[in-house]
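If you want the building blocks of each chain, they are given just below.
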Amino acid sequence: MTEEEIAHELTRRRFYKAEQEAGFVESHECITPQQQDPAYRLAFRDIDFLLREELRPVRFQLELLKPEMLLDEAGIGSTLVIYGSARIPAPDAAEARLAAATTPEQRKVAERLAAKARYYEEARKLAQIASRSAIVENGQRHFVVCSGGGPSIMEGANRGAAEVGAESIGLNIVLEHEQRPNAYVTPHLSFQFHYFALRKMHFLLRARAVAVFPGGFGTFDELFELLTLVQTGKMKPVPILLFGGDFWGRVVNFQALVEEGVIGQQDLDLFRIVETAEEAWCHITTFYGLDVP
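Now for a quick tour of the structure. (Residues numbered from 1 in each chain as written. Predicted model: local features only at pLDDT ≥ 70, side-chain atom pairs only at ≥ 80, totals over all residues. Heavy atoms only, no water.)

**Observations concerning the pairing of strand β8 (residues 240–243)**
Stated precisely, the cut-off is as follows: For each residue, the accessible area found with a 1.4 Å probe, counting protein chains only, is set against the maximum for its type, and the residue is called buried under 20%, exposed over 50%, and partly exposed in between. Only runs of H or I of at least four residues qualify as helices and only runs of E of at least two qualify as strands under DSSP, and these elements are numbered from the N terminus. The pairing criterion is simple: DSSP has to find at least two bridges between the two strands. Orient the strands so they point away from the viewer, and a crossover whose first-strand-to-second-strand path over the helix runs clockwise is right-handed.
Burial along β8 is two-sided: Ile240 and Leu242 and Leu241 and Phe243, pointing in opposite directions, are all buried. With three bridges joining them, strand β7 (residues 207–212) and β8 adopt parallel strand pairing. Paired with Ala211 across the strands is Leu241, a residue of β8. Where the polypeptide runs from β7 across helix α11 (residues 217–231) and back to β8, its parallel neighbour, the crossover connection is right-handed.

**A closer look at the pattern of salt bridges**
Quick reminder of the rule: When a carboxyl oxygen of Asp or Glu lies within 4 Å of a side-chain nitrogen of Lys or Arg, that pair is called a salt bridge.
Tallied over the full model, the rule gives 18 salt bridges. With its nearest N and O atoms 3.5 Å apart, the salt bridge here joins Arg52 to Glu54. Look at Glu54 and you get exposed, because its relative accessible area is 55%. When salt bridges with common partners are traced through the structure, they connect Glu121, Arg124, Arg159 and Glu163 into a single cluster.

**A short note on a nonpolar patch on the surface**
Our working rule: Here, patches come from residues exposed beyond 30% relative accessible area and free of salt bridges, joined within 9 Å for like charges and within 5 Å for nonpolar side chains (Val, Leu, Ile, Met, Phe, Trp, Tyr). Under the convention used here, a 1.4 Å probe and the Shrake-Rupley method define accessible areas, while residue burial counts only the protein chains that appear.
A cluster of nonpolar side chains, contributed by Leu64, Met201 and Leu205, occupies part of the molecular surface with about 250 Å² of accessible area. Tracing the sequence through the fold places Leu205 in helix α10 (residues 196–205).

**With respect to unusual backbone geometry**
A negative phi holds for most residues other than glycine; trans holds for most peptide bonds. One non-glycine residue, Asn138, lies in the positive phi region at around 50 degrees. For Asn138, the position within the fold is in the loop between β2 (136–137) and β3 (140–141). The backbone phi angle of Phe143 is positive, close to 55 degrees, even though this residue is not glycine. Among the secondary structure elements, Phe143 is positioned in the loop between β3 and β4 (144–147). The exposure class of Phe143 is buried, given its relative accessible area of 1%.

**A closer look at the side chain of Asn158**
Spelled out, the test is: It only takes one pair of heavy atoms within 4.5 Å for two residues to be counted as in contact.
With respect to the helices and strands, the residue Asn158 is situated in helix α9 (residues 153–163). Ignoring any residue separated from it by four or fewer positions in sequence, one finds Asn158 in contact with Ser147, Gly149, Ser168, Ile169, Asn182, Tyr184 and Val185.

**Description of the packing of aromatic side chains**
Condition: Between rings of Phe, Tyr and Trp, where Trp is taken as its six-membered ring, a pair exists when centres lie within 6.5 Å; planes separated by under 30 degrees are stacked, by over 60 edge-to-face, and by other angles tilted. Criterion for a charge above a ring: Lys NZ or Arg CZ within 6 Å of the ring centre, and within 35 degrees of the ring normal.
Taken as a whole and assessed by the stated rule, the structure comprises 12 aromatic pairs. Where Phe143 meets Tyr288, the ring centres are 5.9 Å apart and the plane angle is 70 degrees; that geometry is what we call edge-to-face. One end of the pair, Phe143, is in the loop between β3 and β4; the other, Tyr288, is in helix α14 (residues 277–288), with 145 residues separating them in the sequence. Members of the aromatic cluster, each reached through a chain of ring pairs, are Phe220, Phe224, Phe247, Trp248, Phe254 and Phe271. Directly above the aromatic system of Tyr288 lies the positively charged group of Arg208, at a separation of 4.7 Å from the ring centroid.

These values are about where atoms sit, not about what they do.
This is the structure we're talking about:
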């Protein structure tokens with residue numbers, strides 16, 4: 001045998017691939033009681049088995065692996081994560097929300113949400129700026145826009161990337177009410193999660209910067225977990241940009257936490273308050289010493 005033939009023989013698979021084995025099963029006629037019973041199904045093709053309570057550790061692993069592998073294959077080295085409310089309307093939808101209010105209380109809330117519609121545009125603009133930069137290192141793309149894949153601020157982020165011809169990621173979550181990914185997420189980078197914990201892990205595994213827009217419980221959950229990870233040294237520092245000084249100053253009294261002694265004064269340096277996409281991108285590029293527009 002030649003050296004090439006020997007090398008081929010040494011690397012040749014000795015076993016069929018799982019998909020080939022599954023094909024064999026599908027080609028067989030199930031005619032006996034044994035073949036027809038669920039116990040006889042291949043374990044990895046048995047959905048009822050995979051959904052059993054005891055298989056939760058396996059499902060955790062699958063939910064960790066699938067996005068990780070596909071993002072690796074897509075050449076994504078790092079992300080710009082954008083968090084924010086699913087309720088803040090896009091500017092062109094703000095008036096419709098105001099018109100739909102039927103009580104003074106509803107109108108007051110609608111007015112406040114409409115006033116925050118500008119953040120949709122800032123998320124969109126930040127995504128455009130980051131996506132236009134098209135930073136590639138060692139064959140991997142960096143600062144790829146990543147959102148929760150839903151409406152409002154998340155839609156603005158994915159939309160901004162799409163408008164400049166760039167791909168973006170959406171990490172959606174299964175909820176009791178229907179939760180579709182927004183139309184601007186790149187289809188092959190649109191993921192759906194069952195476990196919040198795995199979804200939050202994937203937000204931060206590649207995060208090179210995080211922009212946090214006004215939001216509710218979900219946004220607070222994501223923000224404070226991020227701050228805790230950096231504060232405790234479990235995660236290396238990254239630029240954390242909080243959009244909207246008026247909003248954050250009203251809903252969280254960070255200085256009071258310092259005065260109460262539950263955080264240190266230096267912990268306020270973990271994040272920066274910004275108002276515009278340009279200001280946020282300037283801080284990100286300065287943090288990393290990047291010479292990009």
